[in-house]
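So the chains spell out like this:
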Amino acid sequence: WEFNGSFHQPSAFLMMGIPGLEALHPWISIPFCALYLSALLGNCVILFIIRRTPSLHEPMYYFLCMLAITDLGLALCTLPTTLGLFWFGVRRIGFDACLAQMYFIHILSFIESSVLLAMAFDRFVAISHPLRHAAILTRGTVLKIGLAIVLRGVLSLLPIPFLLKRLTYCGRTELSHSFCFHPDIMNLACADIKVNVFYGMIILLSTVGTDFVFIVLSYILIIRTVLSLTSREECLKALNTCVSHICAVLVFFIPMIGLSMIHRFGRNVPPLVNTLVAYTYLIIPPALNPVIYSIKSTHIRQALRRALCRKRG
């Protein structure tokens with residue numbers, strides 16, 4: 001299609017792999033396949049173990065199930081286009097399909113941020129009010145928190161596809177990644193994108209930004225409570241229950257903040273850096289979270305051993 005001064009939308013966008021390394025895409029796909037396999041298998045195992053182990057039917061592990069489901073969704077959102085590009089050189093993605101992929105990627109990212117906040121709140125209640133933990137976070141309360149998290153993500157991002165569809169696109173159709181990302185699509189428009197920029201920034205700050213602030217606040221209160229404990233063993237035991245969650249928070253928020261900063265202010269950042277940060281943000285957390293929780297959670301390791309022993313027997 002050609003731009004003739006009227007309203008236009010491209011029929012499709014062209015996705016990019018790793019710039020400068022296009023000839024090595026088949027080889028680069030090997031570590032990507034390993035990461036996707038780890039994400040799919042690891043999160044499915046987490047869900048299976050928690051479902052089959054009654055002793056793990058507690059708020060902490062309910063939230064871990066939510067995290068595993070979100071990570072599965074993130075992996076499945078980007079897997080078809082990423083491996084399709086690396087394996088078969090499929091770069092084309094339809095305009096509406098791109099908007100749909102973008103919408104679900106952002107929803108799942110916002111949901112993961114909120115789930116991490118809920119897990120921080122769970123750790124705060126468990127450490128600060130251990131006797132009231134079960135009464136405060138009942139199964140019904142956890143379910144309501146989960147529904148509120150999903151509704152917040154779905155409704156807050158609902159205008160984004162419509163804001164992108166109203167724009168005029170005039171010439172450039174190459175995305176920066178092998179998946180669709182809101183700032184990436186927005187920057188291909190030749191119309192005024194101030195509304196998109198403003199709305200995107202407001203939503204990001206009011207959701208993910210707020211979640212991060214409250215996670216930090218939760219850990220300040222947790223540390224304050226832990227320091228008030230008289231026994232050093234009790235302090236270490238309480239902090240040890242938070243290590244997995246802290247690792248999950250860092251693995252998720254550091255790449256996300258880096259990618260947001262690059263898209264907002266990094267005009268002169270090399271394309272390779274932008275691409276690597278994007279892949280780190282969307283692929284590494286789903287692959288690492290099951291490993292982190294399997295290593296640090298004694299209960300999950302024991303349940304996994306029992307499941308393996310029953311299968312062998």
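Computed from a predicted structure; not experimentally measured. (Residues numbered from 1 in each chain as written. Predicted model: local features only at pLDDT ≥ 70, side-chain atom pairs only at ≥ 80, totals over all residues. Heavy atoms only, no water.)

(A) Region of interest: the pattern of salt bridges. Counted according to the given criterion, the structure contains four salt bridges. Its salt-bridge partner being Glu 174, residue Arg 91 comes within 3.1 Å of it at the nearest N-O pair. Of this pair, Arg 91 sits in the loop between helix H2 (59–88) and strand E2 (92–94) while Glu 174 sits in the loop between helix H6 (159–165) and helix H7 (182–186); the two residues are 83 residues apart in sequence, bridging distant segments of the chain. Put simply, Lys 165 and Asp 96 hold a salt bridge, and the shortest N to O gap is 3.1 Å. Within this pair, whereas Lys 165 is found in helix H6, its partner Asp 96 is found in helix H3 (residues 95–128), the two being separated by 69 residues in sequence. (Salt bridge = Lys/Arg side-chain N within 4 Å of Asp/Glu carboxyl O. Helix = DSSP H or I, 4+ residues; strand = E, 2+ residues; numbered from the N terminus.)

(B) Molecular detail of the nonpolar core. Membership of the largest hydrophobic core comes to 89 residues, with the highest contact counts inside it found for Phe 13, Phe 32, Leu 64, Leu 116, Leu 164, Tyr 169 and Ile 185. Ranked by residue count, the leading element in this core is H3, at 18 residues. If sequence neighbours within four positions are ignored, Leu 116 has contacts with Leu 67, Ile 215, His 245, Ala 248, Val 249, Phe 252 and Phe 253. (Core = buried A, V, L, I, M, F, W, Y, C linked by side-chain atoms within 4.5 Å. Buried < 20%, exposed > 50% of the residue type's maximum accessible area, 1.4 Å probe, protein only. Contact = heavy atoms within 4.5 Å.)

(C) Seen up close, the environment of Cys 235. Locating Cys 235 in the fold gives a position in helix H9 (residues 232–240). The exposure class assigned to Cys 235 is buried, which follows from its relative accessible area of 15%. Separated by ten residues in the primary sequence, Cys 235 and Thr 225 place their C-alpha atoms 9.1 Å from one another.

(D) Representation of the packing of helix H5 (residues 139–157) against helix H8 (residues 194–227) within the structure. The interhelical angle for the contact between H5 and H8, taken along N-to-C directions, is 165°, at an axis separation of 11 Å. As summarised for this structure, H5 and H8 are arranged roughly antiparallel, according to the angle between their axes. With respect to the hand of their crossing, H5 and H8 are arranged in left-handed fashion. From H5, Arg 152, Ser 156 and Leu 157 reach across to H8, where they touch Tyr 199, Ile 203, Ser 206, Thr 207 and Asp 211. The residue inventory of the contact of H5 with H8, partitioned by class, reads three nonpolar, three polar and two charged. (Axes fitted to C-alpha atoms, helices over the stretch in contact; angles between N-to-C directions. Parallel < 35°, antiparallel > 145°, perpendicular 65-115°, else oblique. Left-handed = near helix turned anticlockwise from the far one by under 90°. Nonpolar A, V, L, I, M, F, W, Y, C, P; charged D, E, K, R; others polar.)

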